[in-house]
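Reading the structure
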Amino acid sequence: MRIVEKTQLMTATEIDRTVQRLAHEIVEKSGGTSNLALIGIRRRGVPLAKRIAQAMRGIDGVDVPVGILDITLYRDDLSKVAAQPVLQSSDIPFTVDDKDLVLVDDVLYTGRTIRAAMNGLFDLGRPKRVRLCVLIERGHRELPIEASFIGRGVQTSDTEIIEVRLNEIDQEERVVLVERVP
Amino acid sequence: MPFRFGHMLGIEPLSAEEILFLLDQSKPFQEIQRHPLKKLATLRGKTVALAFFEPSTRTRISFATAAARLGADQMNLQAESSSLKKGESLLDTVRTLDAMKPDCIVMRHSSSGAPDFVSRNLPLPVINAGDGTHEHPTQALLDALTIRDRRGTLDGLNVTILGDILHSRVARSNIHLLSKFGCHITLCGPPMWVPREIECLATAGSAVRRVTRINEALENADVVMTLRVQQERLHEPALSIDEYILQYQLTPERLRLAKPDALVMHPGPMVRGLEIDPAVADGPQSCVLEQVTNGLAVRMALLFLIIGAETSSERDSSHAAD
């Protein structure tokens, strides 16, 4: 099986503009940044959450706290993944009780990652509200989960894979659509 | 990069890299002990058999709690009530347990090598929770986690182990583990409890020295591990309790000979006033309770890695890494 690149969906500039827009949207819909906190889902949700927080500082002049969530322990498919994932630490240096949380991830697909993330969050406390922000929404949901803030919606088939590549992790900056060919 | 663990029979066959991987994987579980809600569903539907052929309170409760916090169910076998008393062989007992389809067996036994024997006869991952005078790997791992948290590293530390080294599986596992990181290990206790042969346990290149005078043993130590003195063993070659206390008890005055921020550790159960002065046990350098909490994290990590790996791919028969 090979993986071939089909198209580039976003350039570095487009990713940056989208992140700026998402930051504005979240501030607007939240009526400001007080009580707001972002939770980046490992791995690529983390740099995205940090970038959104940085953009918010430019808008509101306030530092919105950013937490990191590792969902490995909350997955429902541990026995199905070939190689067991390496556990990493979550790092949420604030109480989530009564917070207005925005979960941040790169791609929304089946919704199972978000289900796992919410289980993890609720082990930490009782947030006032939880919303979801994703860079790419690609359909094919298996759970009743939708994003509140979407960078870009993309029609895909389920043999296609969306790869968000970010400088902090991948040493390059773009979003590509790839496909598995037998 | 990630390692796979088919069994956990002892520290001796592990590499330093595998040990560091286990300690790193314990970190997320340390956080979970601080969560308001500590129960995960990660191993839901899995069963851990706890087979304690030798009485144990703290290790059994720790493993049971670790399994519960991962969402796994448990089967419990305790020596006092087991059919071993009725003459059943070890192999028959564990085969019976296996027939109830657990996903892993955690066992303690008074005979050294019993978990190894079981691992070679059952198609099931085995975790050694202490066997005879051989090894107690999870204790050494939780000790290492505690030391690394407090000191930032394991490399090249001066570690003094006090007490009955000869009969201690905790000491053996710790010597194996610490010597893989180039620690300078000093063993100290009555001569009959610190035999020369114990020096062979260390990995080549690491220094183990035996010292009979406690003041000399404590000098410049980064870590002081005290072991429980089993009073029934004091009779072996005659040594009175009073004499042991006089010569080997870890007192505040003696502890001053170690580095000012030296850690004081004890695997429990601790006998205050015998091997350790209460002022030291409760003092700022003591990490005895931290060890207990870290024990949960290490055991959760092991159960997660062993049972998770078991279901996700074919198991290899040893501790070997990928």
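Residues numbered from 1 in each chain as written. Chains lettered and ligands numbered in written order. Predicted model: local features only at pLDDT ≥ 70, side-chain atom pairs only at ≥ 80, totals over all residues.

So, the overall build of chain A
The cut-off we apply is this: A run of H or I in DSSP becomes a helix once it reaches four residues, and a run of E becomes a strand once it reaches two; helices and strands are each numbered from the N terminus. We compute the radius of gyration from the C-alpha atoms alone; for a globule the expected value is 2.2 Å times N to the 0.38, where N is the number of residues. Our exposure labels follow a C-beta count within 10 Å of each residue's own C-beta, placed from the backbone: buried means 20 or more other C-beta atoms, exposed means 12 or fewer, and partly exposed covers the counts in between. In this description, any two residues whose backbone-derived C-beta atoms lie within 7 Å of each other are considered to be in contact.
Scanning chain A from terminus to terminus reveals four helices and eight strands. Moving toward the C terminus, one meets the helices and strands of chain A in the order β-α-β-α-β-β-α-β-β-β-α-β. Scaling as 2.2 N^0.38, a compact globule of 182 residues should have a C-alpha radius of gyration of about 16 Å, and chain A matches this with 16 Å. Taking the principal axes of its C-alpha atoms as reference, chain A extends roughly 50 × 40 × 30 Å. A burial count over chain A gives 37% of its 182 residues as buried. Across chain A, every contact between residues at least 6 apart in sequence was considered, and the portion connecting residues at least 24 apart equals 71%.

Observations regarding the overall build of chain B
Helix and strand content of chain B: eleven helices and nine strands. What you see for chain B is a C-alpha radius of gyration of 19 Å, in line with the 20 Å of a compact globule of 322 residues. By its C-alpha atoms, chain B is 55 × 45 × 40 Å across when sized along the principal axes. The buried share of chain B, taken over its 322 residues, is 45%. Within chain B, residue pairs in contact and separated by at least 24 positions form 76% of the contacts whose partners lie at least 6 positions apart.

Description of the nonpolar core
Stated formally: Working definition: the nonpolar core is a set of buried Ala, Val, Leu, Ile, Met, Phe, Trp, Tyr and Cys residues, joined through C-beta atoms within 7 Å. All domain edges in this entry derive from an automatic or database-based domain assignment.
By size, the foremost hydrophobic cluster in this structure holds 139 residues, and its most contacted members are Ile52 of chain A together with Val106, Val224 and Leu303 of chain B. Top element by residues in this core is helix α11 (residues 288-312) of chain B. It accounts for eleven residues. Mapping this core onto the domain boundaries places at least three of its residues in each of domain 1 (16-135 + 292-312) and domain 2 (137-290) of chain B. Discounting residues that sit within four places of it in the chain, leucine 303 of chain B has contacts with Leu43, Val48, Ala66, Ala67, Leu70, Ala72 and Cys104 of chain B.

Let's talk about the domain arrangement of chain B
Residue and element names in this part refer to chain B. Where we set the bar: Here the term charged refers only to Asp, Glu, Lys and Arg, the term nonpolar to Ala, Val, Leu, Ile, Met, Phe, Trp, Tyr, Cys and Pro, and the term polar to all other amino acids, Gly among them.
Taken domain by domain, chain B consists of domain 1 (16-135 + 292-312) and domain 2 (137-290). Its C-alpha centre places domain 1 at a distance of 26 Å from the equivalent point of domain 2. Facing the 22 residues of domain 1 at the interface are 19 residues of domain 2. Elements that contribute at least two residues to the side of domain 1 that touches domain 2 include exactly α1 (16-32), β4 (126-131) and α11. No other element matches α11, which puts eight residues into the side of domain 1 that touches domain 2. Looking at the side of domain 1 that touches domain 2, its residues break down into nine nonpolar, nine polar and four charged.

Description of the pairing of β4 of chain B
Within a regular strand, side chains alternate between the sheet's two faces. Residues and elements named next belong to chain B. Applied cut-off: At least two DSSP bridges between two strands are needed for those strands to be called paired. Consider the strands pointing away from the viewer: the crossover is right-handed when the path from the first strand over the helix to the second runs clockwise.
Taken across its six residues, β4 has six buried, putting it largely inside the fold. Across four bridges, the pairing between strand β3 (residues 104-109) and β4 is parallel. Among the inter-strand pairings, methionine 107 is bridged to a residue of β4, identified as asparagine 128. The parallel pair β3 and β4, bridged by helix α4 (residues 114-121), forms a crossover whose chirality is right-handed.

Topic: the packing of helix α5 (residues 137-151) of chain B against helix α6 (residues 169-179) of chain B
All names here are of chain B. Cut-off, in case you're wondering: Interaxial angle, 0 to 180 degrees, is taken between N-to-C directions of lines fitted to C-alpha atoms, where a helix line uses only the stretch in contact. By definition in this entry, angles of less than 35 degrees are roughly parallel, angles greater than 145 are roughly antiparallel, angles of 65 to 115 are roughly perpendicular, and the rest are oblique. In this scheme the crossing of two helices becomes right-handed for a clockwise turn of the near helix relative to the far one and left-handed for an anticlockwise turn of less than a right angle.
It is the contact of α5 with α6, at a shortest axis distance of 8 Å, that shows an interaxial angle of 55°. On the basis of their axis angle, the class for α5 and α6 is oblique. Remark: the crossing between α5 and α6 carries right-handed chirality. Listed contacts from α6 to Pro137, Gln139, Ala140, Asp143 and Ala144 of α5 are Val170, Ser173, Asn174 and Leu177. Its residues assigned to classes, the contact of α5 with α6 shows five nonpolar, three polar and one charged.

With respect to the sheet that holds strand β3 (residues 66-69) of chain A
Residue and element names in this part refer to chain A. Ordered by their spatial adjacency, five strands build an open sheet running β3-β2-β4-β5-β6, and the pairing between neighbours is parallel. Each edge of the open sheet is held by one strand with a lone partner, namely β3 and β6 (149-153). Between one strand and the next, the sheet's axes are offset by a mean angle of 25°, whatever the strand orientation. Bridge count between strand β2 (residues 36-41) and strand β4 (residues 100-108): five bridges; the pairing is parallel. When the sheet's bridge partners are listed, glycine 40 is paired in β4 with valine 104. Contacts between helix α1 (residues 12-30) and the sheet are confined to β2, β4, β5 (129-137) and β6, with β6 contributing the most and set at about 145° to the helix.

Some remarks on the sheet that holds β3 of chain B
All names here are of chain B. Taking strand neighbours across the sheet as the criterion, the four strands line up as β2-β1-β3-β4 in an open arrangement whose pairing is parallel. Edge positions in the sheet fall to β2 (73-78) and β4, since each of these pairs with one other strand and no more. Between one strand and the next, the sheet's axes are offset by a mean angle of 15°, whatever the strand orientation. One ladder, built from six bridges, connects strand β1 (residues 47-52) with β2; its direction is parallel.

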